[in-house]
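Descriptive analysis of the structure
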Amino acid sequence: MAAASAVREASRRSRRLFGIFVAEVPWTVSSKELKEYFSQFGSVQRCQLPFDKDTGFHRRYCWIKFSTPEDVQNVLQKDSHILEGAKLALKQQSRRRRSQRTNQSE
């Protein structure tokens, strides 16, 4: 039974992603280009670049999800990130556990 518990915990840990919010993304940059750029800092698991339904253009911000917190720190250690001549604005996402959110709402 302890082995099954250890497997579940390992699975839960592997699903955790660590992210950054990126603003000021140039209109001409695609999610593929963002993923390629941020891959130099670590293992990019996901790049979410939302699009506006009315205009068809992306909204100039995205979320980049990494495998480890060290990958996020690698990104944040660099002074500036420039894509196609535009300086990106980055912010680390703080992710609270579900139990912390429920305790605060009580």
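Residues numbered from 1 in each chain as written. Predicted model: local features only at pLDDT ≥ 70, side-chain atom pairs only at ≥ 80, totals over all residues. Heavy atoms only, no water.

Named according to an unreviewed UniProt entry, the protein chain is SLIRP protein originating from Herpetotheres cachinnans.

Topic: the sheet that holds strand E1 (residues 18-23)
Quick note on the threshold: Note on pairing: DSSP must find at least two bridges between two strands before they are called paired. The helix and strand labels rest on DSSP assignments: H or I over at least four residues marks a helix, E over at least two residues marks a strand, and numbering proceeds from the N terminus. Axis definition: a line fitted to C-alpha atoms, over the contacting stretch in the case of helices. Angles run 0 to 180 degrees between N-to-C directions. Here a residue-residue contact requires only that any non-hydrogen atoms of the pair lie within 4.5 Å.
Strand order in the open sheet formed by 5 strands is E2-E3-E1-E5-E4, with antiparallel pairing between adjacent strands. Each edge of the open sheet is held by one strand with a lone partner, namely strand E2 (44-48) and strand E4 (81-83). The average undirected angle you get between the axes of adjacent strands in this sheet is 30°. Here 6 bridges tie E1 to strand E3 (residues 61-66), and the two strands are oriented antiparallel to one another. Counted as the bridge partner of Ala 23 is Tyr 61 from E3. On top of the sheet, helix H2 (residues 31-38) reaches E1, E2, E3, E4 and strand E5 (86-92); it is set at about 145° to E2, its chief contact.

Side note on the packing of aromatic side chains
Spelled out, the test is: Any two rings among Phe, Tyr and Trp, with Trp reduced to its six-membered ring, count as a pair given centres within 6.5 Å; such a pair is stacked if its planes are under 30 degrees apart, edge-to-face if over 60, and tilted if neither. Using a 1.4 Å probe on the protein chains alone, a residue whose accessible area is under 20% of its type maximum counts as buried, one over 50% counts as exposed, and one in between counts as partly exposed.
Considering all chains together, one arrives at 7 aromatic pairs under this definition. Measuring from centroid to centroid gives 5.6 Å for Trp 27 and Phe 57, while their planes differ by 70°, and the two rings are edge-to-face. Here the residue Trp 27 occupies a position in the loop between E1 and H2, and Phe 57 occupies one in the loop between E2 and E3, the gap between them amounting to 30 residues. Consider the rings of Phe 38 and Phe 41, whose centres lie 6.4 Å apart with planes at 45°: the pair is tilted. Each member of the pair, Phe 38 as well as Phe 41, is classed as buried. Aromatic ring contacts, followed pair by pair, group Phe 21, Tyr 61 and Trp 63 into a single cluster.

Describing the environment of Glu 33
How we decide: As used in this structure description, the phrase polar contact means that two N or O atoms lie within 3.5 Å; if the pair is within protein, one of them must be able to donate a hydrogen and the other to accept it, and residues adjacent in sequence are counted only when both atoms belong to side chains.
Along the chain, Glu 33 turns up in helix H2. Considered as a pair, Glu 33 and Leu 83 are 50 residues apart in the sequence and their alpha carbons are 9.1 Å apart. For Glu 33, the residues in contact, after removing those within four places along its chain, are Thr 28 and Glu 84. Polar contacts involving the side chain of Glu 33 include one to the main-chain amide nitrogen of Ser 30, which spans 2.7 Å.

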